[in-house]
Structure formats: structure tokens, C-alpha cells
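# Observations on chain architecture
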Amino acid sequence: MMTIDDIKRLKDPENLKKHRLDNLAKACANSETDEMKSMWYNKMMKLADEYNMKDYVMRRLVH
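Counting starts from 1 at the beginning of each chain's written sequence and moves along it residue by residue. It should be noted that, the model being predicted, local features are given only for residues of pLDDT at least 70 and side-chain atom pairs only at 80 or more, the latter also being counted only at that level, while totals for whole chains, interfaces and linings use all residues. Excluding hydrogens and water, the side-chain values take into account all heavy atoms of the structure.

Below, the discussion takes up the packing of helix 2 (residues 13-30) against helix 4 (residues 54-61). Packing of helix 2 against helix 4 brings their axes to within 11 Å, and their N-to-C directions diverge by 45°. With respect to helix 4, the axis of helix 2 lies oblique. As for the relative orientation of helix 2 and helix 4, their crossing is right-handed in sense. For the pair helix 2 and helix 4, contact is made by Lys18, Leu21, Asp22 and Ala25 and by Tyr56, Val57 and Leu61, respectively. Note on residue classes: Ala, Val, Leu, Ile, Met, Phe, Trp, Tyr, Cys and Pro are nonpolar, Asp, Glu, Lys and Arg are charged, and everything else, Gly too, is polar. Looking at the contact of helix 2 with helix 4 residue by residue, the class counts come to five nonpolar, no polar and two charged. Where helices are involved, their axes are fitted lines through C-alpha atoms of the stretch in contact, as for all axes, and angles between N-to-C directions lie from 0 to 180°. The helix and strand labels rest on DSSP assignments: H or I over at least four residues marks a helix, E over at least two residues marks a strand, and numbering proceeds from the N terminus. Note that the term roughly parallel is reserved for angles under 35 degrees, roughly antiparallel for angles over 145, roughly perpendicular for angles of 65 to 115, and oblique for everything else. Whether a crossing is left-handed or right-handed is set by the direction in which the near helix is turned from the far one by less than a right angle, anticlockwise for left-handed and clockwise for right-handed. Throughout, a residue-residue contact means that at least one pair of heavy atoms, one from each residue, lies within 4.5 Å.

Interhelical geometry of helix 3 (residues 34-51) versus helix 4 gives an angle of 135° and a closest axis separation of 7 Å. As far as their axial angle goes, helix 4 and helix 3 are oblique. Of helix 4, the residues touching helix 3 (which contributes Met44, Met45, Ala48 and Asp49) are Lys54, Val57, Met58 and Leu61. Class assignment of the residues belonging to the contact of helix 3 with helix 4 gives a composition of six nonpolar, no polar and two charged.

Spelled out as C-alpha cells, the structure:
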């Protein structure tokens, strides 16, 4: 079932980009091996470069 937040995210491309980056950050944080952490981190940074949102990632997601 879709919620109001899902609909807002789908209509606003900026929120959709942030949501995708947040999901990659969660996957990176939840991974247990260094190999998987590295893979998810690299995917997140590649997507951040594509979206031109590297500052968002470095300020908000990478601790």
C-alpha cells in the first residue's frame, strides 16, 4: 500500500534522488563485511556523482 509520503516522493524528483541515496547508505551501514561495505559505498558515491549531490552525501549520510 502506498502512503502519502510515497506519493510525494514519486512526484518530486529531488526527494526520489534523496530516497535512493538514503537506501544505499542504509545498505552500506547494515552490511557486515568490508567487501560489501566497499561495494555499497562505491555505488552510493557513483550515484551521488550522477545526481550531482556529493555534498548531500558527505554532509548527511557519511558519518
